[in-house]
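So you can see what is in the structure, the chains are spelled out below.
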Amino acid sequence: MNFDSSRRSSFKKMILGGAAMGTLASFDWKEGNAPLQLKGNINHGVCAWTMPSLNLDELCVAIKKIGFNAIDLVGPKGWDTLKTHGVECSMCNGAELGIPKGWNDPQYHEQLIKNYTELIPEVAKYGYKNLICFSGNRNGMDDEVGMKNCSEGLKKIMALAERHGVIIQMELLNSKVNHKDYMCDLSAWGVELCKIVGSENFKLLYDIYHMQIDEGDIIRTIQTNHQYFGHYHTAGNPGRNELDENQEINYPAVMRAIVATGYKGYVSHEFIPKSEDKIAALAQAVQVCDV
């Protein structure tokens, strides 16, 4: 192929790629439409806190209209509601002390161990398997010391988690924009902690938005370390809004990389919709990520 022909071919691919991105802006699913016909390669979820205008009953109804049935970050008080609607709690919460007060600080270990020891059997009783946790903020602490503290505390609940089939998932969060001083802000730190804890029931919640901010190189990181990632979150960057053409992450490519690892867990959408129709924005994100 000569140079001009090759250049024309490349230009044609650019045009087609631009057209594909344009379809995001023209997505017109509305409540009342038939559910999306999803491919089944990605198990979609949504984080409950991102839809504050809907109560949990309403959110359960809305996501089933879109065509999926999982909600993240619901505590024990909401589990009966989820069961009533046949909706999965894809990531449970309720044992943590908040994001800044986590496993890296031994002063919180006694309370955290008590909370997780009480909640792990309840998670299993309801048939769920994922329970979130946080490293906590540095507050001047060295990262190596924090990792040692985290591992020592987490190891005290791992036998119980293993016995009940519950996976404790520490979320990776950015410390540049949203969670200043948070310790588990790089995947390498989290992966090393997984290795030290040494249990298949401790993994990382890999938040794509947060890690795009703090380290980038999303696809290579997933390919290399996917065995340590037990859950994924999405949001557009910058802004933490819709997964549309106004943000920088190529979500279809990231989703294809996740699927290629053999991952069978959930990808939950954790963006804050700017558009007036919040449910349509969620349906759009589901379609963008449905590869």
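Residues numbered from 1 in each chain as written. Predicted model: local features only at pLDDT ≥ 70, side-chain atom pairs only at ≥ 80, totals over all residues. Heavy atoms only, no water.

(A) Quick look at helix α9 (residues 251–260). Turning to α9, its buried residues number three or more, namely Tyr-251, Ala-253, Val-254, Met-255, Ala-257 and Ile-258. Residues of α9 that are buried in the fold lie against α7 (208–214), α8 (218–225), β7 (229–234), β8 (266–269) and α10 (278–289). Among the residues trailing α9, Gly-262 stands out with phi positive, at a value near 90 degrees. (Buried < 20%, exposed > 50% of the residue type's maximum accessible area, 1.4 Å probe, protein only. Helix = DSSP H or I, 4+ residues; strand = E, 2+ residues; numbered from the N terminus. Contact = heavy atoms within 4.5 Å.)

(B) Expanded view of the packing of helix α2 (residues 56–66) against α10. Viewed as axis vectors pointing N to C, α2 and α10 meet at an angle of 45 degrees, and their least axial separation amounts to 10 Å. If you check the angle between α2 and α10, you find them oblique. When the axes of α2 and α10 are compared, the crossing they make is right-handed. Within the contact between the two elements, α2 uses Ala-62, Ile-63 and Ile-66 and α10 uses Ile-279, Leu-282, Ala-283 and Val-286. (Axes fitted to C-alpha atoms, helices over the stretch in contact; angles between N-to-C directions. Parallel < 35°, antiparallel > 145°, perpendicular 65-115°, else oblique. Left-handed = near helix turned anticlockwise from the far one by under 90°.)

(C) View of the nonpolar core. By size, the foremost hydrophobic cluster in this structure holds 88 residues, and its most contacted members are Leu-154, Ile-168 and Met-170. Filtering out sequence-adjacent residues up to four positions away, Leu-154 remains in contact with Trp-103, Cys-133, Ile-168, Met-170, Leu-193, Val-197 and Phe-202. (Core = buried A, V, L, I, M, F, W, Y, C linked by side-chain atoms within 4.5 Å.)

(D) Here's a closer look at helix α6 (residues 187–197). Taken together, the buried positions of α6 are Ser-187, Trp-189, Gly-190, Val-191, Leu-193, Cys-194 and Val-197. Structurally, α6 contributes buried residues whose contacts are with α5 (143–164), β5 (167–171), β6 (202–207), α7, α8 and β7. Following α6 by one or two positions, Gly-198 adopts a phi angle in the positive range, close to 70 degrees.

The values are spatial; any link to function lies outside them.
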